[in-house]
Amino acid sequence: MTQPEALRSLLEAVKNGNVTPDMALDTLKNLAYEKVGEFAKIDHQRTLRTGFPEVIWGPGKTPDQIAQIMQVMRDRNPLVMATRIEPAVYAVLQPKVSGLRYYELARICAIAPPNLEPKFGGLITILSAGTADLPVAEEAAVTAELSGFSVQRLWDVGVAGIHRLLSNRHLIESASVLIVVAGMEGALPSVVAGLADCPVIAVPTSIGYGASFGGLAPLLTMLNSCAAGVGVVNIDNGFGAAVLAGQVLRTAEKLRLASATS
């Protein structure tokens, strides 16, 4: 059965009273995808299932493939986003995709409403240990902002000059979720978690001298943190950290609403 046939059959079942609207909604969450040429299948229902839309991974795709995927996604999604887009790729994409915005430091391309307003409560505060960690930290920040969350940035507060962190302790205390981005030895998340009363998401980066092994050393440091309440994502995965922080806040909002109506 093709997707249009499956959708028509589902609508007829709702019309005839054989399927409830709630049952139909559960079915729709897993129904629709759309082919783009012979190289991609767009999961239009991902937002309905998970709260976040499908996002395009840029590396390994040609600019023309990325442009075609974006054109298909924009008809069904208020937000279209591609990560790890280098400036040379954006230069090719820009004339192909109208309304495309580029966040160069974060290496993110997006089609989004011009005036983004936070849709969810809570505050995601993102810290970077050093200036060299900013591409990963900005990937997290821009992803969270495009997804409808309020973001607060605190850059270059690594442990080598810990007074820079401690003088901003009030920003840590105001956060609902903290994302802490660090390379080298990756000590910053442990320090922050010892000061915070909210979840801490640690992001190791590939920044560091040879013995950091491309981010493996900070990854192991974060996994072995002696501070409680630290979760760790993969090396350089600012995007994944932002989505996890968003899921924490969305879950808190669902629990609050459920409590208010019970």
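Note that the coordinates shown come from a computational prediction; the quantities given were computed from them, not determined experimentally.

(A) Geometry of the overall build of the protein. Assigned secondary structure in the protein consists of 11 helices and 11 strands. C-alpha atoms of the protein, sized along the principal axes, occupy 65 × 55 × 35 Å. Buried positions account for 44% of the 262 residues belonging to the protein. Counting only contacts in the protein whose residues sit at least 6 apart along the sequence, the fraction spanning at least 24 positions is 63%. Accessible area for the protein stands at about 13,200 Å²; split by element, carbon and sulfur atoms hold 57% of it. Computed over 21 positive and 23 negative side-chain charges, the separation of the two mean positions in the protein equals 4 Å.

(B) Main features of the layout of surface pockets. When its volume is computed, the largest pocket comes out at roughly 300 Å³. Lining the largest pocket are 18 residues; nearest its centre among them are Pro78, Leu79, Lys119, Leu146 and Ser147. Counted by class, the lining of the largest pocket contains 8 nonpolar, 7 polar and 3 charged residues. Residue contributions to the lining of the largest pocket reach at least three from each of two domains, namely domain 2 (38-111) and domain 3 (123-252). Taken as a whole, the second largest pocket holds about 200 Å³ of empty space. Taken together, 17 residues form the lining of the second largest pocket, with Ala129, Gly130, Gly158, Met184 and Glu185 sitting closest to its centre.

(C) Quick look at the nonpolar core. Counting 21 residues, the largest nonpolar core has Ile124, Ile126, Ile179, Val181, Ile201 and Val203 as its most contacted members. Not counting residues up to four positions away in its chain, the partners in contact with Val203 are Val136, Ile179, Val180, Val181, Ala182, Met222, Val233, Asn234, Asp236, Asn237, Gly238 and Ala241. One finds Ile56, Ala82, Ile85 and Cys109 within the second-largest nonpolar core, a separate group that totals 20 residues.

(D) Broad picture of the environment of Pro53. Within the secondary structure, Pro53 is located in the loop between helix H3 (46-50) and strand S3 (56-57). Considered as a pair, Pro53 and Val80 are 27 residues apart in the sequence and their alpha carbons are 7.9 Å apart. The residues contacting Pro53, other than those within four sequence positions of it, are Arg46, Thr47 and Leu79.

(E) Summary view of the sheet that holds strand S5 (residues 101-103). Across the sheet, which stays open at both edges, the 4 strands sit in the order S3-S4-S6-S5 with mixed pairing between neighbours. For this open sheet the edge positions go to S3 and S5, each flanked by a neighbour on one side alone. Contacting strand S4 (80-83), S5 and strand S6 (108-111), helix H6 (residues 134-146) crosses the sheet at an angle of about 10° to S6.

The rules we used
- Residues numbered from 1 in each chain as written.
- Predicted model: local features only at pLDDT ≥ 70, side-chain atom pairs only at ≥ 80, totals over all residues.
- Heavy atoms only, no water.
- Helix = DSSP H or I, 4+ residues; strand = E, 2+ residues; numbered from the N terminus.
- Buried < 20%, exposed > 50% of the residue type's maximum accessible area, 1.4 Å probe, protein only.
- Contact = heavy atoms within 4.5 Å.
- Areas by Shrake-Rupley, 256 points an atom, 1.4 Å probe, with all protein chains shown as cover.
- Lys, Arg positive; Asp, Glu negative; His and termini not counted.
- Charge placed at Lys NZ, Arg CZ, Asp CG, Glu CD.
- 1 Å grid on protein atoms, 1.4 Å probe; cavity = no way out; pocket = protein on both sides within 12 Å on 5 of 7 lines; lining within 4 Å.
- Points joined across faces, edges and corners; volume = space filled by probe spheres on them.
- Nonpolar A, V, L, I, M, F, W, Y, C, P; charged D, E, K, R; others polar.
- Domains from an automatic or database assignment.
- Core = buried A, V, L, I, M, F, W, Y, C linked by side-chain atoms within 4.5 Å.
- Pairing = 2+ DSSP bridges.
- Axes fitted to C-alpha atoms, helices over the stretch in contact; angles between N-to-C directions.

Function cannot be inferred from these measures alone, as they are strictly geometric.
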